[in-house]
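Chain residues, written in single-letter form:
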Amino acid sequence: MNTQELLSKVKQFDEEIDAGKKSEIDVWKSICKESKVEFSPNWLKEAFLNTPIDERMLEYARQLKNKYNVGIITDNSTERMNIIIEQNKQFNIFDTIIISEDVKCTKKGTKIFEITTQKANANAKECIFIDNKQKNVDCAKNAGFIGVFFDDEKRDYDNLFKTIDKIIKNK
């Protein structure tokens with residue numbers, strides 16, 4: 001079995017991992033055992049370390065940080081995010097980082113957004129949520145956030161930044 005096939009099998013468990021119902025390492029171990037492939041914990045760490053970081057988005061967050069609280073809400077495993085955060089010291093610009101596995105819910109509902117406002121001591125109406133999935137943006141809006149869709153494939157940063165700046169100016 002090749003790496004792509006293993007990744008495909010693991011992907012089937014993404015929602016359960018993100019919601020903290022299953023651990024990522026346990027899923028990998030189980031799939032490797034079932035596929036008769038020897039599991040190596042180094043695979044996960046290496047994969048996590050090779051996660052692409054959106055430097056342009058980070059730079060924009062850094063600029064906003066001068067005047068506003070900035071945060072991350074992510075559907076991810078805690079282990080993965082901890083490795084990414086540890087390796088990328090620029091994540092220290094974020095006031096709040098909410099990891100779905102930690103709070104046992106995902107961006108597919110409103111609960112994670114409610115938890116975010118509590119942890120950030122913020123009013124939902126003042127929060128701008130940017131995501132590459134319209135369903136997640138809709139859930140944020142249902143929780144009272146201002147939601148903005150960012151098309152990951154088009155990567156139109158100029159339009160995104162203008163949209164956010166306009167929202168901020170109209171507040």
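Since the structure is predicted, the reported quantities are computational estimates derived from the model, not experimental observations.

Q: Help me understand the packing of aromatic side chains, please; the structure alone is not making it clear to me.
A: For any two aromatic rings, the description comes down to two numbers: the centre-to-centre distance and the angle of the planes. Summed over the entire model, instances satisfying the criterion amount to 8 aromatic pairs. Judged by centre distance (5.0 Å) and plane angle (80°), the rings of F113 and F129 are edge-to-face. Taken as a pair, F113 in helix α8 (residues 111-120) and F129 in strand β3 (residues 128-131) lie far apart in primary sequence, 16 residues in all. A relative accessible area of 0% means that F113 is categorised as buried. Taken together, a centroid distance of 5.7 Å and an interplanar angle of 40° make the contact between Y157 and F161 tilted. Taken as a pair, Y157 and F161 lie in helix α10 (residues 157-169) at a separation of 4 residues, close to a single helical turn. Through pairs of rings, three or more aromatic residues link up here, namely Y60, F150, Y157 and F161.

Q: Would you take a moment to explain α8 for this structure?
A: Those residues of α8 that sit buried are I112, F113, I115, T116 and T117. On its buried face, α8 sits against β1 (71-74), β2 (96-99), α7 (100-103), β3 and α9 (134-142). Looking one or two residues beyond α8, the residue adopting positive phi is N121, at roughly 50°.

Q: Mind showing me how you'd approach the side chain of T106 here?
A: With respect to the secondary-structure elements, T106 resides in the loop between α7 and α8. Given a relative accessible area of 15%, T106 falls into the buried group. Here T106 is in contact with D18, A19, D75, S100 and I112, once residues within four sequence places are set aside.

Q: What is the right way to read the packing of helix α1 (residues 3-11) against helix α3 (residues 24-34) from this model?
A: The relative placement of two packed helices comes down to the angle between their axes together with the axis-to-axis distance. Packing of α1 against α3 brings their axes to within 10 Å, and their N-to-C directions diverge by 130°. Comparing the axis directions of α1 and α3 gives the class oblique. Considering how the two elements wind past one another, α1 and α3 form a crossing that is right-handed. Each of L6, L7, K9 and V10 in α1 lies in contact with α3, whose residues at this interface are V27, W28, I31, C32 and E34. By residue class, the composition of the contact of α1 with α3 is 7 nonpolar, no polar and 2 charged.

Q: In this structure, what is going on with the pattern of salt bridges? I would like to understand it.
A: Pairing is possible between side chains that carry opposite charge, provided their charged atoms lie close to one another. The final tally for this structure, using the stated rule, is 9 salt bridges. Where E59 meets R62, a salt bridge forms, and the shortest distance between an N and an O atom there is 2.8 Å. In this pair, E59 and R62 both sit in helix α5 (residues 55-65), 3 residues apart, roughly one turn of the helix. E59 gets classed as partly exposed once you look at its relative accessible area, which sits at 36%. Overall, R62 belongs to the partly exposed group, its relative accessible area being 29%. D75 serves as the salt-bridge partner of K108, at 3.8 Å between the closest nitrogen and oxygen. With a gap of 33 residues between them, K108 in the loop between α7 and α8 and D75 in the loop between β1 and α6 (78-87) connect regions that are remote in the sequence. Looking at K108, the relative accessible area reads 40%, which means it is partly exposed. Salt bridges sharing common partners tie together D54, D152 and R155.

What counts and how
- Residues numbered from 1 in each chain as written.
- Predicted model: local features only at pLDDT ≥ 70, side-chain atom pairs only at ≥ 80, totals over all residues.
- Heavy atoms only, no water.
- Phe/Tyr/Trp six-rings, centres within 6.5 Å; stacked < 30°, edge-to-face > 60°.
- Helix = DSSP H or I, 4+ residues; strand = E, 2+ residues; numbered from the N terminus.
- Buried < 20%, exposed > 50% of the residue type's maximum accessible area, 1.4 Å probe, protein only.
- Contact = heavy atoms within 4.5 Å.
- Axes fitted to C-alpha atoms, helices over the stretch in contact; angles between N-to-C directions.
- Parallel < 35°, antiparallel > 145°, perpendicular 65-115°, else oblique.
- Left-handed = near helix turned anticlockwise from the far one by under 90°.
- Nonpolar A, V, L, I, M, F, W, Y, C, P; charged D, E, K, R; others polar.
- Salt bridge = Lys/Arg side-chain N within 4 Å of Asp/Glu carboxyl O.

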